[in-house]
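# Inside the fold
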Amino acid sequence: MIKIILLSLLPFKGIIRAMGVDFEHLCSILKVKLMMDNRRSLSLSQKGKESKNQLLLQSFLYAVMGMLIGISLTHINSPLVSYTIFFSFIMVMIAMLMISEFTNILIDTRDNSILMPRPISSRTIVMAKIIHIAIYLTHMSLSLSVFVIVLTLINYGVLATILLFFLIILASLFTLFLTNIFYLGLMNVVNGQKLKDIIVYFQIAMAILFMGAYQLMPRMMDFINISDMTMSIHWWSYFVPPIWMSGTMDSFIYGTYDLSHFTFIASSLLVPILSLFFVIKVLAPKFNKALGQLDVAGSKKTKVKTENKDPNKFINKVSQLVTKTKEEEAAFKMVWLMSGRERKYKQTVFPSFGYILIFCLMFAFKSKEAFNLETLAASQKYLWFIYTSIFLAFSITQQLGYSDEPKSSWFYRSLPLSSPGQILIGSFKSVMMKFYLPTITIIGSVCLYIWGIQVLDDIIFGALSIFLVTSLLFSWQNPQFPFSVERNTQDMGGNFMKGMLLMVSGGLLGGLHYGLSFIPYSLFLAIPILILLLYFNLKALRNISWQKIND
C-alpha cells in the first residue's frame, strides 16, 4: 500500500519540485511516516483482526453518512443546488476531521528535532505533513462521496463522474489550505497551551453543533419543499468555494459556458492548486517557525503565585464527606483535578452536556404545535429529562481510564495498597460528584419548576438508578486505573457494545420507572432498595483484587 501511494506521487514530481520541495527527501519522510502508522496500529491492537479492519469500518461509517446526505439530495432538481450542498458538506466534514483527528499531526513538533538538524528544507517537511494528512483526508472524503459518485455515474455518465472525482480531491486540498491558514493565524496570537485549549473547545462546540443539526435538519425538511429549491448567481457567489465546484459540475452537465461558469471552472481548478503553492512557498517557513515557538512557549517556566487561601478547600471538604480512607480521598482529589486538565478527557466528555440539552429540547418541542408549558406539565416527559443524563454518567466513567500520556501511571503499582479498589472507587466518586451530581441537580430543578414537588421521588429514583447502573458497568468492565491506558482506536468495538448495553439499560430503567409510577408509593419503597444495592456494589468495587487489575 505504501508503494502504491508513493508511486501515485510520480506524475506530480515536476510540480512538487517547482514548489521548492526535494522529491526524494519527501518520499523518504512519507515512507517512514506511513510505516510508523502501520506499526502503531498493529502494536496497539490486542486483536489484530480488529486493527486491520478499523480503517475499513471507518470508511463504511462515512459512506453511510454520505448516503444519508445523498438521499436527501436526490429530491433536488437543480444540480447547482444539490452539488453546492454536497460540496459544502464535504468541505465542512473535512475541516472537522482535520481539526478533530489530525491536529496533532499538523502541529506535532517531534519531527523537528530529528529532521531540522539534517539538510532538509522546511518546505519539504511541511509538504510531507500536508501529503500525509491529505492521504487520509482524501480517503475519508471519497468514502463520504461514494453514494453521490454512483448517482452521478447513473444520471450524468462517466465523464461527469471523473470530473466529480477530481473536484472532490481539489475541494479536500483547498480545505486543507484553509485550516493551515486558521492554525497559522492562531499560532501568531496565542501560545502553544492556549492553542491546544482553543482547539479542544472548538471540537466540543462542533460535536454539539453536529448533534443538534442531526436532530433538527429532518424536522426542518418537513416544512421546506427542497425539490423546488433554486439558486441565483450573485456577486458573493464567486467567493464561495462550494459554488465554484457545483458551478463547474453544472456547466459540464448542461453544456453552459458563459462568463459566470468559466469563472467557476477557473476558480475550482486553479485556486486549490495555487493555494498549495502558496502554503509550500510562502507559509512553510513561517509555519515551522511558529511550531518552534510552540516548543519554546511550552518550555517556559510559569510564575507561581503564593496565596494564603487554599484553592482546593472545596475539594478537600467534599472528599472528606464522601470518602472513607486516606487512599480513597487522595484518588478522589487527584481525579477531580486531572479531569479538568486532561484535554482529551474534556474533548470526549464535555459534548455530553450539550447532548443532554439538545435531547431535552427535542423532547420538549417534539410536537409540531407551538410550545406550551401547561401541555408539557400535563405529560410525563420529565422521565425523558431525567434519563438523558445517563449518557453523561456513562461518558465520564468509561473515558476515565484513558490518557494520551499513560507512561506515568507506573506510580499506581508502587503505592503500598492492599487493594486497588480504593483508587477505583475514589476516582468513580470524584467524576460522579464533579460532573453528574450538578447536572442531575439542574435537571431536577427544571423538573420541579415545571411539574412540581410531586416528581421529587421520580428525580431521586432516577438519579439513584443511573448511579447504580453506572457503578455496575464501571465495576464489570476490565478495571483500569484513572488515566493509565493509552487512547487508541481499538477500543471502539468494546465501547460500541458498552454503549448498546447502556442504551438498553436506560430503556429498561425508564420502562421500569414508568411502570412503577402507576403503583402508589412504589418509588418511595424502591429508593431504599436502590441505596442498598449501590452500597453493596461500591463495597465490592472497593475490595477488588490486584489480580483482576493485572488481567
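Numbering of residues starts from 1 in each chain and follows the order in which that chain's sequence is written. Since the coordinates come from a predicted model, pLDDT governs what is reported: local features require at least 70, and pairs of side-chain atoms require 80 or more to be given and counted, while whole-chain, interface and lining totals use all residues. Only heavy atoms go into the side-chain values, all of them from the structure, while hydrogens and water stay out.

The helix and strand labels rest on DSSP assignments: H or I over at least four residues marks a helix, E over at least two residues marks a strand, and numbering proceeds from the N terminus. Expected span, for any helix, means 1.5 Å times one less than how many residues it has. Look at helix α14 (residues 326–338): 18 Å from first C-alpha to last across 13 residues, which is about the 18 Å you get at 1.5 Å a residue. Remark: exposure states derive from per-residue accessible area (1.4 Å probe, protein chains only) relative to the maximum for the residue type, with buried under 20%, exposed over 50%, and partly exposed in between. Of all the positions in α14, only E328, E329, A331, F332, V335 and W336 are classed as buried. For α14, the angular spread of buried residues about the axis comes to 160°, placing them on one side. By definition in these notes, contact holds between two residues if any of their heavy atoms fall within 4.5 Å. Looking at the buried side of α14, the elements it contacts are α13 (313–322), α21 (421–451) and α24 (522–542). Throughout, the arc means the angular range of directions from the helix axis out to the C-beta atoms.

The geometry of a pair of packed helices is captured by two quantities: the angle between their axes and the separation between those axes. For the pair α21 and α24, interaxial distance at closest approach is 7 Å and the crossing angle is 135°. One way to sum up the angle between α21 and α24 is to call them oblique. Residue-level inspection shows G421, Q422, L424, I425, F428 and K429 of α21 in contact with α24, the latter providing L538, L541 and R542. Throughout this entry, Asp, Glu, Lys and Arg are counted as charged residues, while Ala, Val, Leu, Ile, Met, Phe, Trp, Tyr, Cys and Pro are counted as nonpolar. The remaining residues, Gly among them, count as polar. Looking at the contact of α21 with α24 residue by residue, the classes come out as five nonpolar, two polar and two charged. The convention used is that axes are lines fitted to C-alpha atoms, helices contributing only their stretch in contact, and that angles between N-to-C directions extend from 0 to 180 degrees. For classification purposes, angles smaller than 35 degrees are called roughly parallel, those larger than 145 roughly antiparallel, those between 65 and 115 roughly perpendicular, and all remaining angles oblique.

We now examine a nonpolar patch on the surface. Together, L153, V158, L159, I162, F165, F166, F252, Y257 and F262 give the surface a local cluster of nonpolar side chains, amounting to about 890 Å² of exposed area. Per-element accounting of the nonpolar patch gives the leading share, five residues, to helix α9 (residues 158–187). In this structure, I162 sits in helix α9. The exposure class of I162 is partly exposed, given its relative accessible area of 41%. Distance thresholds for patches are 9 Å for like charges and 5 Å for nonpolar side chains (Val, Leu, Ile, Met, Phe, Trp, Tyr), applied to residues having over 30% relative accessible area and no salt bridge. Accessible surface is estimated by sampling points in the Shrake-Rupley manner with a 1.4 Å probe; for residues, cover comes only from the protein chains shown. Only one rule defines a salt bridge in this text: a Lys or Arg side-chain nitrogen within 4 Å of an Asp or Glu carboxyl oxygen.

Attention now moves to the packing of α21 against helix α22 (residues 456–476). Two elements in contact, α21 and α22, have axes separated by 11 Å at closest approach and are oriented at 155°. On the basis of their axis angle, the class for α21 and α22 is roughly antiparallel. Seen along the crossing, α21 lies across α22 with a hand that is right-handed. Of the residues in α22, those in contact with L424, S427, F428, M432, Y436, I440, G444, C447 and L448 of α21 are L456, I459, A463, I466, F467, T470, S471 and F474. Looking at the contact of α21 with α22 residue by residue, the classes come out as 13 nonpolar, four polar and no charged. Throughout, a crossing is termed right-handed when the near helix is turned clockwise from the far one, and left-handed when it is turned anticlockwise from it by less than a right angle.

The disulfide criterion used throughout: a pair of cysteine sulfur atoms within 2.5 Å. Enumeration over the complete set of coordinates arrives at zero disulfides. Left without a disulfide partner, C360 is nearest to the cysteine sulfur of C447, which lies 7.6 Å away. Residue C447 is classed as buried on the basis of its relative accessible area, which comes to 0%.

Once that is clear, we can look at the environment of H261. Following the sequence through the fold, H261 ends up in helix α12 (residues 259–299). Overall, the relative accessible area of 11% leaves H261 in the buried class. The spatial distance from the C-alpha of H261 to the C-alpha of S251 is 6.0 Å, given a sequence separation of ten residues. Pairs of N or O atoms are called polar contacts if they sit within 3.5 Å, as long as, within protein, a hydrogen donor faces a hydrogen acceptor (for residues adjacent in sequence, only side-chain-to-side-chain pairs). A distance of 2.7 Å separates polar atoms of two side chains, one belonging to H261 and the other to D258.

With that settled, consider the packing of aromatic side chains. Each Phe, Tyr or Trp ring, with Trp reduced to its six-membered ring, pairs with another whose centre is within 6.5 Å; inter-plane angles below 30 degrees give stacked pairs, above 60 give edge-to-face pairs, and intermediate values give tilted ones. Summed over the entire model, instances satisfying the criterion amount to 20 aromatic pairs. Between Y345 and F483, the aromatic rings sit 5.7 Å apart at their centres with planes inclined by 80°, giving edge-to-face as the arrangement. Taken together, the positions of Y345 in helix α15 (residues 343–349) and F483 in the loop between α22 and β2 (485–486) put the pair 138 residues apart, joining distant regions of the chain. Just as Y345 is buried, F483 falls in that class too. Joined through ring pairs, the aromatic side chains of Y345, F350, F353, F435 and F483 make up one cluster.

This part covers unusual backbone geometry. Even without glycine at this site, F483 takes up a positive phi of about 55°. Although it is not a glycine, Y521 sits at a positive phi angle of roughly 65°. Along the polypeptide, Y521 turns up in the loop between α23 (492–516) and α24.

With that settled, the discussion passes to the side chain of S246. Mapped onto the elements of the fold, S246 is located in helix α11 (residues 241–254). On the basis of relative accessibility, which here comes to 0%, the residue S246 falls in the buried class. Not counting residues up to four positions away in its chain, the partners in contact with S246 are L80, Y83, T84 and F87.

When we look at burial in α13, the residues that qualify are I315, N316, V318 and S319. Of the surrounding secondary structure, the elements contacted by the buried residues of α13 are α14 and α21.

We now examine the nonpolar core. Soluble globular proteins tend to pack their nonpolar side chains together in the buried interior. Within the largest apolar cluster, 63 residues are counted, with the highest numbers of intra-cluster contacts made by L26, F86, F87, M127, L164 and I280. The next biggest cluster of nonpolar side chains, apart from the first, holds 60 residues, and it includes L417, L464, L534 and L541. Definition of nonpolar core: a set of buried residues of the types Ala, Val, Leu, Ile, Met, Phe, Trp, Tyr and Cys, connected through side-chain atoms within 4.5 Å.

Following the sequence through the fold, T439 ends up in helix α21. Sequence-distant contacts of T439, defined by excluding residues within four places in its chain, comprise F353, I356 and L392.

Considering the arrangement of structural elements, one finds I243 in helix α11. Looking at I243, the relative accessible area reads 3%, which means it is buried. Sequence-wise, I243 and F87 are 156 residues apart; in three dimensions their C-alpha atoms are separated by 8.0 Å. Setting aside chain neighbours within four positions, we find I243 in contact with T84, M231, W236, S237 and F264.

This part is about the pattern of salt bridges. Pairs can form between side chains of opposite charge once their charged atoms are near each other. Under the counting rule described, the total for this entry stands at five salt bridges. For E328, the salt bridge is made with R542, and the minimal N-O distance between the two is 3.3 Å. Within this pair, whereas E328 is found in helix α14, its partner R542 is found in helix α24, the two being separated by 214 residues in sequence. Per residue, the accessibility class of E328 equals that of R542, and both read buried. Each of the salt bridges in this network shares a partner with another, and the network as a whole consists of K13, R17 and E24.

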